[in-house]
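Listed below are the residues making up each chain.
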Amino acid sequence: QVQLVESGGGLVQAGGSLRLSCVASGGTFDTYAMAWFRQAPGKEREFVAAIRREVGTTYIAGSVRGRFTISRDNAKNTVSLQMISLKPEDTAVYYCAAGVMDYWSALSNDYDYWGQGTQVTVSS
């Protein structure tokens, strides 16, 4: 069974930075596309960023492009999300996801495994 565990969330002021991490176990990490999604209260789950398997090509959602960066370390079975210049509208539970695919997807249904989420709260 593939398990994903997120960490790094917390409370920051607007303009601050956080780095989220997700550690995978129980699978072949470098065969998975990895992604981050987020969900704010009362809203649908939203795509944030994705990264291809071993090639490492990334895609960042337009709402966070220029502020968020996704990366992976296949040797450590880890994917990270570096967030800078955080805004109150970035407040959400952030979820790590893994999917068996050759490229990446911004659709939550395309991912096979999910972490439990980590809370990011940005104060104004």
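The structure displayed is predicted, hence computed values, not measured ones.

Caption draft 1: Geometry of the pairing of strand β8 (residues 78-83). Extensive coverage of β8 is indicated by the burial of five of its six residues. Where strand β3 (residues 18-25) and β8 come together, six bridges link them in antiparallel fashion. Along β8, the bridge assignment pairs Arg19 with Gln82. Both strand β7 (residues 68-73) and β8 contribute to a ladder of six bridges, which runs antiparallel. Following the sheet pairing, Asp73 is matched in β8 by Thr78. Linking β7 to β8, which pair antiparallel, is a turn of four residues; within it Asn77 sits at a positive phi near 55°.

Caption draft 2: Broad picture of the packing of aromatic side chains. For the coordinates displayed, the defined rule picks out eight aromatic pairs. Ring geometry for Tyr59 against Trp104: centres 4.5 Å apart, planes inclined by 5°, an arrangement best described as stacked. Note that Tyr59 is positioned in strand β6 (residues 58-60) and Trp104 in the loop between β9 (92-100) and β10 (113-114), a separation of 45 residues in sequence. Ring geometry for Tyr111 versus Trp114: centroids 6.4 Å apart, planes at 75°, classification edge-to-face. Given the relative accessible area of 5%, Tyr111 is considered buried. On the accessibility criterion, Trp114 (25% relative accessible area) is partly exposed.

Caption draft 3: Inspection of the nonpolar core at higher detail. One finds Met34, Trp36, Val79, Leu81, Met83 and Tyr94 to be the most contacted residues of the largest nonpolar core, which totals 38 residues. Of all elements in the fold, only β3, β4 (32-39), β5 (46-51), β7, β8, β9 and β11 (118-123) reach the threshold of two or more residues within this core. Broken down by element, the residue count for this core peaks at six residues, all from β4. Every residue in contact with Met83, bar those within four places of it in the chain, is listed here: Gly16, Ser17, Leu18, Leu20, Arg67, Phe68, Tyr94 and Val120.

Thresholds applied
- Residues numbered from 1 in each chain as written.
- Predicted model: local features only at pLDDT ≥ 70, side-chain atom pairs only at ≥ 80, totals over all residues.
- Heavy atoms only, no water.
- Buried < 20%, exposed > 50% of the residue type's maximum accessible area, 1.4 Å probe, protein only.
- Helix = DSSP H or I, 4+ residues; strand = E, 2+ residues; numbered from the N terminus.
- Pairing = 2+ DSSP bridges.
- Phe/Tyr/Trp six-rings, centres within 6.5 Å; stacked < 30°, edge-to-face > 60°.
- Core = buried A, V, L, I, M, F, W, Y, C linked by side-chain atoms within 4.5 Å.
- Contact = heavy atoms within 4.5 Å.

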